Amino acid sequence: DAKTTQPTSMDCAEGRAANLPCNHSTISGNEYVYWYRQIHSQGPQYIIHGLKNNETNEMASLIITEDRKSSTLILPHATLRDTAVYYCIVAYSGAGSYQLTFGKGTKLSVIP
Amino acid sequence: DTAVSQTPKYLVTQMGNDKSIKCEQNLGHDTMYWYKQDSKKFLKIMFSYNNKELIINETVPNRFSPKSPDKAHLNLHINSLELGDSAVYFCASSQGGGKLFFGSGTQLSVL
C-alpha cells in the first residue's frame, strides 16, 4: 500500500502556480520523497525528489516540512500541458533497486 | 532516440494464448522494471532486474516470466493469457535510486 495521502483532484488556472500537497506521516529517516506525473495514456514521468532539504529543478520545486511528514510540489507557472495525475511516492532502496509504490495520485486540471 | 522503448504498443489476443512484450533501454542503466496498470489506473510493480539478476518479484502469477538476455533488454512473457491480464504494461529503467524512466506502455487486451 502507498504510504502517502494526496487529494484526489485539484484545479489550477493557467499561468498560476500549482501547489500539490502530500502527507507522508510514517516516512522513515532513510526514505526519499519522489514525485512523478502521468499524462493521459503515457508512461509516468519523473519530476523531482528530496530527502530533507527543499529541491528545485527545471520542472518544479519540492518543499519538505522540517518534520518530513508532508511535502508540497510546486509547478511555478502551470500550463495546459501540465494537466496530469501527480504521484507522491515514498521510496526505499532494497537490494539494488527502488520499489516505487504508486498510490492514487492527484489529478491536476489546468484550466485556461 | 527513445530512451525506453516497448513493443508492441497494442496487443489484442485470445484467452489461452501465449504472448511476449519486448523492452529495450539505451540509457546504459543497470536496473529494469515491469509495472502493470489496471483498469482502475493503479500502477503496481511486477518485477525488477539488476544486471540481469531478478531482484523484485511481487506476487505475480507464474504465467508471467521476465527474461533479460542482457542488461539493455527485459522482455515479459505471458503464458495462458486470462481476461484479468488485460491492462497496460510499462517497462522502466534506472541507474540506481528512484529516478525511473518509463516506456510508453503496451496496452494488452485479452478477449
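Located above this text is the structure these notes cover.
Overview of the structure. Since we're looking at a predicted model, the values are computed, not measured.

### Brief notes about the side chain of Arg 63 of chain B
And step 1. With respect to the helices and strands, the residue Arg 63 of chain B is situated in the loop between β6 (53-57) and β7 (64-70).
And step 2. At 2.8 Å, the side chain of Arg 63 of chain B forms a polar contact with the side chain of Asp 85 of chain B.

### Considerations on the sheet that holds strand β4 (residues 45-50) of chain A
The strands making up a sheet associate through backbone hydrogen bonding, with each pair oriented either parallel or antiparallel.
Residue and element names in this part refer to chain A.
And step 1. Read from one edge to the other, the open sheet built from five strands follows the order β1-β11-β8-β3-β4, with strand pairing classed as mixed. Each edge of the open sheet is held by one strand with a lone partner, namely β1 (9-13) and β4. Sheet twist, expressed as the mean angle between neighbouring strand axes with direction ignored, is 25°.

### Side note on the pairing of strand β11 (residues 106-110) of chain B
All names here are of chain B.
And step 1. Residues Thr 106, Leu 108 and Val 110 point to one face of β11 and are all buried, whereas Gln 107 and Ser 109, pointing to the other face, are not buried.
And step 2. Direction of pairing for strand β2 (residues 10-13) relative to β11: parallel, over a ladder of four bridges. Each bridged residue has a counterpart across the sheet, and for Thr 13 the counterpart in β11 is Val 110.

What counts, and where the lines are drawn
Residues numbered from 1 in each chain as written. Chains lettered and ligands numbered in written order. Predicted model: local features only at pLDDT ≥ 70, side-chain atom pairs only at ≥ 80, totals over all residues. Heavy atoms only, no water. Helix = DSSP H or I, 4+ residues; strand = E, 2+ residues; numbered from the N terminus. Polar contact = N/O pair within 3.5 Å; in protein donor to acceptor, adjacent residues only side chain to side chain. Pairing = 2+ DSSP bridges. Axes fitted to C-alpha atoms, helices over the stretch in contact; angles between N-to-C directions. Buried < 20%, exposed > 50% of the residue type's maximum accessible area, 1.4 Å probe, protein only.

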